[in-house]
Every structure is written in C-alpha cells, then in structure tokens.
Amino acid sequence: MPAPPVLSAVTPLRLAMLTGSVREGRFGPTVTRWFAEQAREYGAFDVDVIDIADYPLPLVMPGWGGATDAATARHHQELGGRLARADAFVVVTPEYNHSFPAALKNAVDWYRQEWEAKPVGLVSYGGQGGGIRAAEHLRQVFAEMHALTVRDALSFPNAWDIFGDDGRPRDAEAASTAAKGMLDQLDWWAEALAEARVKRPYGA
C-alpha cells in the first residue's frame, strides 16, 4: 500500500467511517450517515464513508504472499488504500449473538499495517444492550491490530426507536453532545499519532 502523505498544517485529518453490517435490511447505514454528518460539522476531518458490503472479501484467505482472483485483488487493494489513507476510524457495528458481525471481523483481518498506530471510535447499536458487547469485543481486536480505541463510545439501544423517520436521533441534542465527545478524543489522538508516525514510523 502507498505510504500516507506527510501531515501538514493545511492537510485535514482523514476519518474513515466503516459500516460493519452487510445483512439485508440492516440499520447500520442510517447510523453511519448520521455520525458522518456530525463528523463533517465538527470540522476537523475529511470524512470517507466506507460500506464493507461494497468490498466482498472472501472468508478463504490466501497464504502469506499468495495470489487471489482479480475481483478479490481489486477489492482488497481499493479498500486497503482507503484504510491506509485514514488517520482515524469510526466503526459502526450492530451486535449479533453478543458480539460483532463476522463480515466486519473478516474485513479487519485482511489488513494489518493499515490499522497500526491510529485511533478508532466505536458506535454500536442493537436491542436493549445497544451493541455494547460488540463494541467491547472490538476493543480487544483493535488492540491486537496495534490500533488505539478511544475511551468514549456511542451506543444506541433499540436504535430503530431512537432514530426518527428522518434518519436522525429524536433526542438530537444529547446524541450530538455524545458524538462531539468522541470526536474530541479522536481529533486529539489522530493528530498526535499522525505527527508521531511522521517523526518515527511505527513498527509493530
């Protein structure tokens, strides 16, 4: 993957937002669109919205250095390029059977350096638990990928009741306040780690 550009005072931080569900009828894109809007209004990030459903990477992976078919190679390269260019991530995940979707784990596992030394924010949704268990499990996964999950996260229990027909939370003020808190942390860590990667490239 190409190396990310050197950070400068005029280069905005890049935030990649990932919709982590590929299930038919999924609610994830609604949550992603709302948070992406919050991130753009925040003003510190160039926001790139990524739907992993657009990159159907197979569950059967090639061996190290092995070849893939042309479609898989194209998806892998395109998604990898978008992840590599990011300075921070927000992952939107539902909770399936007390954890996060297999498709999301597969998308994470296809990459390594693209995640390293970058902050990750977690936005979860689901039933009564609001996807909290999925988010907590993702913290363990991203630690192994040498990424840093920020402390604050957003959780939407019974999200289909929290969000209105306009695709926004009914309690817009509370949701926006929570989003800003997480974006503040992502902003701080993204800038600090981007500068650190320039001064001293990270070696896992």
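Refer to the structure above for everything that follows.
In what follows, the accompanying structure is described. Since we're looking at a predicted model, the values are computed, not measured.

## A few points about the overall build of the protein chain
- When helices and strands are counted, the protein chain shows 6 helices and 6 strands.
- Helices (α) and strands (β) of the protein chain occur, in sequence order from the N terminus, as β-α-β-α-β-α-β-α-β-β-α-α.
- Computed over its C-alpha atoms, the radius of gyration of the protein chain comes to 17 Å, within 12% of the 17 Å expected for a compact globule of 204 residues.
- Each principal axis of the C-alpha atoms in the protein chain carries an extent, and together these give about 45 × 40 × 25 Å.
- The long-range fraction of contacts in the protein chain, counting pairs at least 24 apart against all pairs at least 6 apart in sequence, stands at 83%.
- Of the roughly 10600 Å² of accessible surface on the protein chain, 52% is carried by carbon and sulfur atoms.
- Within the protein chain, the 26 negative side-chain charges are centred at a point lying 4 Å from the centre of the 20 positive side-chain charges.

## Quick notes on unusual backbone geometry
- The phi dihedral of His98 falls on the positive side, at around 70°, and the residue is not glycine.
- Locating His98 in the fold gives a position in the loop between β3 (88–94) and α3 (102–109).

## Here we look at the pattern of salt bridges
- Following the criterion strictly, the structure yields 9 salt bridges and no others.
- With a closest N to O distance of 2.8 Å, Asp109 and Lys105 form a salt bridge. With Asp109 and Lys105 both in helix α3 and 4 residues apart, the pair spans about one turn of that helix.

## Remarks on the packing of aromatic side chains
- Throughout the structure, instances matching the rule amount to 10 aromatic pairs.
- With centroids separated by 5.4 Å and ring planes inclined at 70°, the aromatic side chains of Trp115 and Phe142 adopt a geometry described as edge-to-face. Here the residue Trp115 occupies a position in the loop between α3 and β4 (119–126), and Phe142 occupies one in helix α4 (residues 132–144), the gap between them amounting to 27 residues.
- For Trp115, a relative accessible area of 1% corresponds to the buried category.

Here is what the cut-offs are and how they apply
- Residues numbered from 1 in each chain as written.
- Predicted model: local features only at pLDDT ≥ 70, side-chain atom pairs only at ≥ 80, totals over all residues.
- Heavy atoms only, no water.
- Helix = DSSP H or I, 4+ residues; strand = E, 2+ residues; numbered from the N terminus.
- Rg over C-alpha atoms; globule rule 2.2 N^0.38 Å.
- Contact = heavy atoms within 4.5 Å.
- Areas by Shrake-Rupley, 256 points an atom, 1.4 Å probe, with all protein chains shown as cover.
- Lys, Arg positive; Asp, Glu negative; His and termini not counted.
- Charge placed at Lys NZ, Arg CZ, Asp CG, Glu CD.
- Salt bridge = Lys/Arg side-chain N within 4 Å of Asp/Glu carboxyl O.
- Phe/Tyr/Trp six-rings, centres within 6.5 Å; stacked < 30°, edge-to-face > 60°.
- Buried < 20%, exposed > 50% of the residue type's maximum accessible area, 1.4 Å probe, protein only.

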